[in-house]
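An overview of the molecular structure
As a plain string of letters, each chain reads:
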Amino acid sequence: MSYWESETFLKYPDIAIIGGGIVGINTAITLKENNSRLDIMVIDRNSFPLGASTRNAGFACFGSVTELIDDLETSSEEDVFQLLNDRKLGLDMLRKRVGDQNMAYENTGSFELFDKADDNLSTYKEYIRFLNARIYDKIGFKDTFEAREKLDFPFPGFADFNIYNKYEGQINPGKMIQTLYNIASKLGIRFLMGHEIKEIFEENGMVNITSSNFIIKSRYAVVCTNGFTKHIFPEINLLPARNQVLVTQEIPNLDWKACFHYDKGYIYFRNIGKRLLIGGARNIAKLNETTTELDLTDEILDHLKEFVHQKLGISPDFKFEFQWSGIMGVGNVKNPIIKKYSEHIILAVRLGGMGIALGTLVGSKAADLLLSENI
Ligand SMILES: Cc1cc2nc3c(=O)[nH]c(=O)nc-3n(C[C@H](O)[C@H](O)[C@H](O)COP(=O)(O)OP(=O)(O)OC[C@H]3O[C@@H](n4cnc5c(N)ncnc54)[C@H](O)[C@@H]3O)c2cc1C
């Protein structure tokens, strides 16, 4: 590095944040808001964040009935409702920081849909009362889930029975991240984009952060690389989970606005204006989708397209104009990892499938861990 670079672009910061998605950028903003003297640098491997935060479906959601039932089978009641509470809190914090207009937030409501042949509809109905009571106790939302016996949408492939949640909505994740970057820039947070970090370790009380081009040293580092974390710390209990997404061209008679969950959240769809966005189905090829490669596969795309034609009744004449994949970070439990990895390195990763709701809170908790060190 040149002397000039060492004094400017590559000047060692007090705190380096690795990964500039929703968690990294919110960690940086919270730190700076609490201590304006801190020199903070966000480092990302891409010229803009490229993992999940700009590649998701933009559901502002906190959990569907079948997903919560599923979670209750693998986690304690306390953990399930604590996570739901954290998603709600995180969403409130995000809305306050970004502003609803700046991320096109709309409280459209959401619907969970079921197959006509689903034998468990009565079980879901029974669970609604229990879930509503627990949610009311935990976060004060009244009658969150509402059983409906009539489907008010032109989708031929589902049972009439569906479950409405009036508290969920949708955002534009691109606008959200762009606004967060604007806030961070105004606060004087520095960015080093387009540098993949290969190794992070502590030496003589400093954190060494190496890419193929340079070493940055900082007093502290916060690792916010979510689904990609194993490339740096292979021993962490976290797996990548790719999700593929399709968006159609505008469909003139698409006149509904809402978010939809299906199959425990494995398939999700919504409108973007008059377009349809659909994604998910990684459960049909889970091994293949346990990857950090941002590729697309015919198996998943064909499955999603068939779903659109058969279950939503949308004609194959309407073309899919966008297709992409993003990478989530998942584990055998759903709560995120927010902890000290070593004396000066903090991990804030494993956001799972509702990281838009959770991300601002996770960033704030990671920042609090550092601030409690009297940095
Ligand atoms: C297709 C899809 C749909 C989703 N839909 C929703 C939804 O509707 N609602 C919802 O709440 N959640 C959704 N999620 C989940 C949500 O998007 C994520 O949980 C959340 O964005 C995670 O944020 P993050 O900051 O932890 O990770 P990311 O946004 O993945 O950010 C990690 C950053 O780290 C960078 N990075 C990685 N490795 C390195 C390295 N070695 N060196 C430097 N930089 C590195 C990456 O470039 C990336 O920018 C979805 C996810 C996907 C993939």
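Values in this document were obtained by computation on a predicted structure and should not be read as measured data.

Reading the values: the criteria
Every chain's residues receive numbers from 1 upward, in the order its sequence appears when written. Local features in this predicted model are restricted to residues whose pLDDT is 70 or higher, and side-chain atom pairs enter the listing and the counts only when it is 80 or higher, whereas totals over whole chains, interfaces and linings include all residues. The side-chain figures draw on all heavy atoms in the structure; neither hydrogens nor water molecules are used. Stacked, tilted and edge-to-face are the three classes assigned to paired rings of Phe, Tyr and Trp, where Trp is represented by its six-membered ring and a pair needs centres within 6.5 Å; plane angles under 30 degrees give stacked, over 60 edge-to-face, the rest tilted. Exposure classes here rest on a 1.4 Å probe applied to the protein chains alone. A residue is buried below 20% of its type maximum, exposed above 50%, and partly exposed in between. Secondary structure elements are taken from DSSP: a helix is a run of H or I of four residues or more, a strand is a run of E of two residues or more, and numbering for both begins at the N terminus. For our purposes a nonpolar core is just a set of buried Ala, Val, Leu, Ile, Met, Phe, Trp, Tyr and Cys residues, chained together by side-chain atoms within 4.5 Å. Should any heavy atoms of two residues lie within 4.5 Å, those residues are counted as being in contact. Bear in mind that the domain bounds are from an automatic or database domain assignment. A simple way to read buried area is as the amount of 1.4 Å-probe accessible surface that goes missing from two parts once joined, with both sides added. What qualifies as a polar contact is a pair of N or O atoms within 3.5 Å, subject to a donor-acceptor requirement within protein and to the restriction that residues adjacent in sequence count only when both atoms come from side chains. Residue polarity follows a fixed list, in which Ala, Val, Leu, Ile, Met, Phe, Trp, Tyr, Cys and Pro are nonpolar, Asp, Glu, Lys and Arg are charged, and the others, Gly among them, are polar. What counts as an axis is a line fitted to C-alpha atoms, over the stretch in contact for a helix, and the angles between N-to-C directions run from 0 to 180 degrees. Here the word oblique covers every angle except those under 35 degrees (roughly parallel), over 145 (roughly antiparallel) and from 65 to 115 (roughly perpendicular). Residue proximity to a molecule or strand is established when one non-hydrogen atom of the residue lies within 4 Å of it. Areas reported here follow the Shrake-Rupley algorithm with a probe of radius 1.4 Å; residue values treat only the protein chains shown as occluding.

With that settled, the discussion passes to the packing of aromatic side chains. Counting across every chain of the model gives 27 aromatic pairs. Centre to centre, the rings of Tyr3 and Trp4 are 5.3 Å apart; their planes meet at 80 degrees, and the pair counts as edge-to-face. Classification of Tyr3 as exposed rests on a relative accessible area of 53%. Arranged with centres 5.6 Å apart and planes meeting at 25 degrees, the rings of Phe111 and Phe260 form a pair that is stacked. In this pair, Phe111 is assigned in strand 4 (residues 110-113) and Phe260 in strand 14 (residues 259-262), connecting sequence segments 149 residues apart.

Another aspect to go through is the nonpolar core. A general tendency of soluble globular proteins is for nonpolar side chains to be buried together. Grouped together as the largest cluster of nonpolar side chains are 39 residues, with contacts concentrated most on Ile15, Ile17, Leu31, Leu94, Met176, Leu180 and Val222. For this core, the secondary structure elements donating two or more residues are strand 1 (15-18), helix 2 (22-34), strand 2 (40-44), helix 4 (77-98), helix 6 (173-186), strand 12 (220-223), strand 19 (345-349) and helix 8 (355-371). It is helix 8 that provides the largest number of residues to this core, a total of seven residues. Ignoring anything within four residues of it in the chain, the contact list for Leu31 reads Ile15, Ile17, Leu38, Ile40, Ala367, Leu370, Leu371 and Ile375. Residues Phe111, Ala258, Tyr262 and Phe269 belong to the second largest nonpolar core, which totals 28 residues.

Along its sequence, the protein chain is organised into domain 1 (3-54 + 174-238 + 334-371) and domain 2 (110-169 + 241-327). Computed from C-alpha coordinates alone, the two centres of domain 1 and domain 2 are separated by 32 Å. Surface buried jointly by domain 1 and domain 2 totals about 460 Å² across both partners, of which 60% is contributed by carbon and sulfur atoms. The largest share of the area that domain 1 buries against domain 2 comes from Gly51, Gly227 and Phe228, three residues that together contribute 56% of it. Inspection of the domain 1/domain 2 interface yields two residue pairs in polar contact (both at pLDDT 80 or more). A per-class count over the side of domain 1 that touches domain 2 returns three nonpolar, four polar and one charged.

With that out of the way, let us pick up unusual backbone geometry. Phi at Ala104 is positive, roughly 50 degrees, even though this residue is not glycine. On the secondary structure map, Ala104 appears in the loop between helix 4 and strand 4. Although it is not a glycine, Asp143 sits at a positive phi angle of roughly 45 degrees. Within the secondary structure, Asp143 sits in the loop between helix 5 (121-139) and strand 5 (145-148). In this structure Asp143 comes out as partly exposed when scored by relative accessible area, which is 49%.

We now examine the packing of helix 3 (residues 65-74) against helix 4. Two elements in contact, helix 3 and helix 4, have axes whose closest approach is 8 Å; the angle formed by their N-to-C orientations is 140 degrees. Regarding the angle of helix 3 to helix 4, the classification is oblique. Counted together, Leu68, Asp71 and Leu72 of helix 3 and Glu77, Val80, Phe81 and Leu84 of helix 4 form the full contact between these two elements. Of the residues assigned to the contact of helix 3 with helix 4, the class counts are five nonpolar, no polar and two charged.

Once that is clear, we can look at the site of the ligand. Inspection of the region around the ligand gives 39 residues, with Asp44, Leu50, Ser53, Phe59 and Ile197 positioned closest. A distance of 3.3 Å separates an oxygen atom of the ligand from a polar atom in the side chain of Asn56. Contact distances for the ligand include 3.0 Å between an oxygen atom and a backbone N or O atom of Gly352. Protein chains shield 98% of the accessible area of the ligand, which is 1,000 Å² for the free molecule. At the level of elements, helix 2, strand 13 (239-248), strand 17 (320-330) and helix 8 are the ones that each hand at least two residues to the shell around the ligand. For the shell around the ligand, a count of residues per class yields 20 nonpolar, 15 polar and four charged. Here the shell around the ligand spans two domains, and each of domain 1 (3-54 + 174-238 + 334-371) and domain 2 (110-169 + 241-327) adds at least three residues to it.

Another aspect to go through is the side chain of Asn162. With respect to the helices, strands and loops of the structure, Asn162 is situated in strand 6 (residues 162-165). Polar side-chain contacts of Asn162 include one of 3.1 Å to the backbone oxygen of Lys150. When sequence neighbours within four positions are dropped, the list of residues in contact with Asn162 reads Phe111, Glu112, Leu113, Phe114, Glu146, Ala147, Arg148, Lys150 and Leu151.

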